[in-house]
Amino acid sequence: MIPTWPFSVLGEAPHVLACRDLPPIEVLVLDSGVDATHPALAGRVAAAYHIEIENDRPRVVEISPNTNNDVFGHGTAVAGVVCGLAPNARIVDVRVLGANGVGSGPALLEGLRFAVENRKSKIVNMSLAAKVSKDTVLGLCETAYYANQIIVASKRNNAFFGGIGFPAEFSNCISVDTESFPTQYAFKYQQDSIIEFEAHGEEVVVPAPGGGYTTKTGTSFATPAVAGICALLVGAYPELRPFELKTLLRAWSVNPPPQGAR
Amino acid sequence: MNETNTILAAYLGVMPKTREENVLRLLIESGMNVVEAEEGSLLVLDEASQTLRFAMTVGNSDSEKKLLGQSVPLGKGLSGLAAATREVQIGAPTFKDITQHERLEGDGNEPEAVIAAPMLVGDDLIGVLTAVTFVRGKRFSGKQAELYGRFAIVAGLLVEQTRRLAAYESANAAALVSADAMGERGRQEQDIVESIGRLTRERPEALAHAAALLAAVEALALPGLGGTR
């Protein structure tokens, strides 16, 4: 049985905080890049990078934050969900997919290292699962946890094969699965699961690169909903430590927003 | 050998046997029925060109004729995304605005929704299995994508095992050809090797004598070259 807390202890609900003028919070999106020229993301991308692989060694390259850096459309959709829920979110776009045409374990690892050791953004969204260097990823997530950074990570869509995926399975991250909810501000705590939260990831309307909107489904699009809610909570209560944030999320999961909240 | 089989052999690495092709077709058809799709395609990874090539399309013979042998870059599109992330992806059309009333592009003949599921063996990418629907307004759910992903895993394993079997059979055939080519001389060499093998196993103390004897024969037969031992 999940205990319920009185609203006076919880503060304001995420959907209420979305209407407040909150201080900006950086949400670093490790993904396929972001189309910063899309109207839904105009002025929301604070910085953009991509990972180049040169002589088998990855390196971070800064690019203009005012361009279409997305090669697949995945990152633009993810950033769109974050920005749609959290008006105070400022996106840091780190493209780790699509370098040399395919996804690359070393590129993802370098992107995460950059997020944790260099950029130190408050929130890191990983709608991707790493497939290599589990211990290194775990170490970086530990560093992030102790530095008060919040990593929100997706469960793999095809988790029946090859496991849940990391960092979602690490306890120092906030892990997210997909479910259908009436609003993107609604989510559910999973009492007996390694994956702690389920958020709305079914038929989510998202910005598409080059302009326009499309519909996406999957854990990839549930995860940024939780990242956006975290940006609101951290914006309102900047002193929150990761474990306190998780506790707050758990509490709000049983206090769903009213009908009509987006 | 018909055209389809030729393409299967060229792009799929599957020998043109109807057994494998039929099983793959059966698998894709079953997957399509489960997710209520009208068409399904199997794209195989061509590592050399870093592309995904259409090796089989089920559900529409016109599409099959049009798509077979076509390739899509690995770094583009929903299939490329599925390959890059090793994750099942779901696609839908792009609309002009958030209310999704007016389509941004297309002539109306493009798919309404797509599932692209990676065919994996371990973490090795074999290809991508796609399912498409043309039913207006239909969207694939996460559950349907997950189920189709399972069919992709089995298809990947089938293609990989077929390739392995073909490679094994090919190596075996080459070995048989090589043995035939050895002829009488080869058989005599084989007799000598087998004789030394038996000696080593049963009378190891006699090996020194055998070695000396072989060296003496060699010196007698090849006086100019001298002994090697």
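My aim in this report is to walk through the structure given alongside it, one point at a time. This one's a predicted model, so the numbers in the text were calculated from it and none came from an experiment.

### Notes on a nonpolar patch on the surface
Residues and elements named next belong to chain B.
Here's step 1: Together, Ile192, Ile196 and Leu214 give the surface a local cluster of nonpolar side chains, amounting to about 250 Å² of exposed area.
Here's step 2: Of note, Leu214 is situated in helix α6 (residues 207–221).
Here's step 3: Of the residues examined, Leu214 reaches a relative accessible area of 41% and is grouped as partly exposed.

### Things to note about the packing of helix α6 (residues 219–236) of chain A against helix α7 (residues 242–253) of chain A
All names here are of chain A.
Here's step 1: Here α6 crosses α7 at 110°, and the two axes come no closer than 11 Å. Taken together, the axes of α6 and α7 are roughly perpendicular relative to one another. α6 and α7 meet at a crossing whose hand is right-handed. Of the residues in α7, those touching α6 at Val226, Ile229, Cys230, Leu233 and Val234 are Leu245, Leu248, Leu249 and Trp252.
Here's step 2: Residue classes in the contact of α6 with α7 are distributed as 9 nonpolar, no polar and no charged.

### Describing helix α3 (residues 74–85) of chain A
Here's step 1: Between its first and last C-alpha, α3 of chain A extends 17 Å over 12 residues, near the 16 Å set by a 1.5 Å rise per residue.
Here's step 2: Where α3 of chain A is concerned, the buried positions are His74, Gly75, Thr76, Ala77, Val78, Ala79, Gly80, Val81, Val82, Cys83 and Leu85 of chain A.

### Remarks on the interface of chain B and chain A
Here's step 1: Taken together, the 36 residues of chain B in the interface contact 25 residues of chain A.
Here's step 2: Regarding the contact of chain B and chain A, the summed buried area is about 2,500 Å², with carbon and sulfur atoms giving 57% of it.
Here's step 3: Taken as a group, Leu81, Ala84 and Glu87 of chain B account for 19% of the area that chain B buries against chain A, more than any other trio of residues on that side.
Here's step 4: Inspection of the chain B/chain A interface yields 1 salt bridge.
Here's step 5: Taking the shortest distance from any N to any O, the salt bridge between Glu87 of chain B and Arg156 of chain A comes out at 3.2 Å.
Here's step 6: Elements with a contribution of two residues or more to the side of chain B that touches chain A: α4 (77–85), β4 (89–91), β5 (113–121) and α5 (142–202) of chain B.
Here's step 7: Sorting elements by how many residues they give to the side of chain B that touches chain A places α4 of chain B first, with 6 residues.
Here's step 8: Partitioned by chemical class, the residues of the side of chain B that touches chain A number 15 nonpolar, 12 polar and 9 charged.

### Thoughts on the environment of Ile123 of chain A
Residues and elements named next belong to chain A.
Here's step 1: Structurally, Ile123 can be placed in strand β5 (residues 123–126).
Here's step 2: According to the relative accessible area criterion, Ile123 is buried, its value standing at 0%.
Here's step 3: Placed 107 residues apart in sequence, Ile123 and Cys230 show a C-alpha to C-alpha distance of 7.8 Å.
Here's step 4: If sequence neighbours within four positions are ignored, Ile123 has contacts with Ile25, Glu26, Val27, Leu28, Ile150, Val152, Ala227, Cys230 and Ala231.

### Observations concerning the sheet that holds β5 of chain B
Residue and element names in this part refer to chain B.
Here's step 1: On the basis of which strands lie adjacent, the open sheet formed by 6 strands has the order β3-β2-β1-β6-β5-β4 and antiparallel pairing. Both edges of this open sheet fall to β3 (71–73) and β4, since each of them pairs with a single strand only. Strand after strand, the sheet turns through a mean of 25° between neighbouring axes, direction not considered.
Here's step 2: Direction of pairing for strand β1 (residues 39–46) relative to strand β6 (residues 124–133): antiparallel, over a ladder of 6 bridges. Note on β6: the bridge partner recorded for Gly40 is Ala131.
Here's step 3: Helix-sheet contacts for α4 involve β2 (51–58), β4, β5 and β6, and the interaxial angle to β4 is about 165°.

### A look at the packing of aromatic side chains
All names here are of chain A.
Here's step 1: Tallied over the full model, the rule gives 5 aromatic pairs over all chains.
Here's step 2: With 5.5 Å between their ring centres and 85° between their planes, Tyr145 and Tyr146 make a pair best called edge-to-face.
Here's step 3: For Tyr145, a relative accessible area of 24% corresponds to the partly exposed category.

### So, the nonpolar core
Here's step 1: Counting 51 residues, the largest nonpolar core has Ile91, Ile123, Val152, Ile174, Cys230, Leu233 and Leu249 of chain A as the members making the most contacts within it.
Here's step 2: Element by element, the count of residues in this core is highest for α6 of chain A, at 11 residues.
Here's step 3: Excluding residues that lie within four positions of it along the chain, Cys230 of chain A makes contacts with Ile123, Ile150, Val152, Ile174, Leu245 and Leu249 of chain A.
Here's step 4: With 34 residues, the next largest nonpolar core counts Ala47, Val94 and Ala153 of chain A together with Leu81 of chain B among its residues.

### Things to note about the sheet that holds strand β2 (residues 45–54) of chain A
Residue and element names in this part refer to chain A.
Here's step 1: Here we have 9 strands laid out as an open sheet, ordered β3-β2-β4-β1-β5-β6-β7-β9-β8, and mixed in their pairing. Looking at which strands have only one partner, the edges of the open sheet turn out to be β3 (57–63) and β8 (187–189). This sheet shows a mean twist of 25° between the axes of neighbouring strands, independent of strand direction.
Here's step 2: Note that β2 and β3 share 7 bridges and pair antiparallel. By the bridge assignment, Ile51 is partnered in β3 with Val60.

What counts and what doesn't
Residues numbered from 1 in each chain as written. Chains lettered and ligands numbered in written order. Predicted model: local features only at pLDDT ≥ 70, side-chain atom pairs only at ≥ 80, totals over all residues. Heavy atoms only, no water. Patch = residues over 30% accessible without salt bridge, like charges linked within 9 Å, V, L, I, M, F, W, Y side chains within 5 Å. Areas by Shrake-Rupley, 256 points an atom, 1.4 Å probe, with all protein chains shown as cover. Salt bridge = Lys/Arg side-chain N within 4 Å of Asp/Glu carboxyl O. Helix = DSSP H or I, 4+ residues; strand = E, 2+ residues; numbered from the N terminus. Buried < 20%, exposed > 50% of the residue type's maximum accessible area, 1.4 Å probe, protein only. Axes fitted to C-alpha atoms, helices over the stretch in contact; angles between N-to-C directions. Parallel < 35°, antiparallel > 145°, perpendicular 65-115°, else oblique. Left-handed = near helix turned anticlockwise from the far one by under 90°. Contact = heavy atoms within 4.5 Å. Nonpolar A, V, L, I, M, F, W, Y, C, P; charged D, E, K, R; others polar. Expected span 1.5 Å × (residues − 1). Buried area = accessible area lost by both parts, 1.4 Å probe. Pairing = 2+ DSSP bridges. Phe/Tyr/Trp six-rings, centres within 6.5 Å; stacked < 30°, edge-to-face > 60°. Core = buried A, V, L, I, M, F, W, Y, C linked by side-chain atoms within 4.5 Å.

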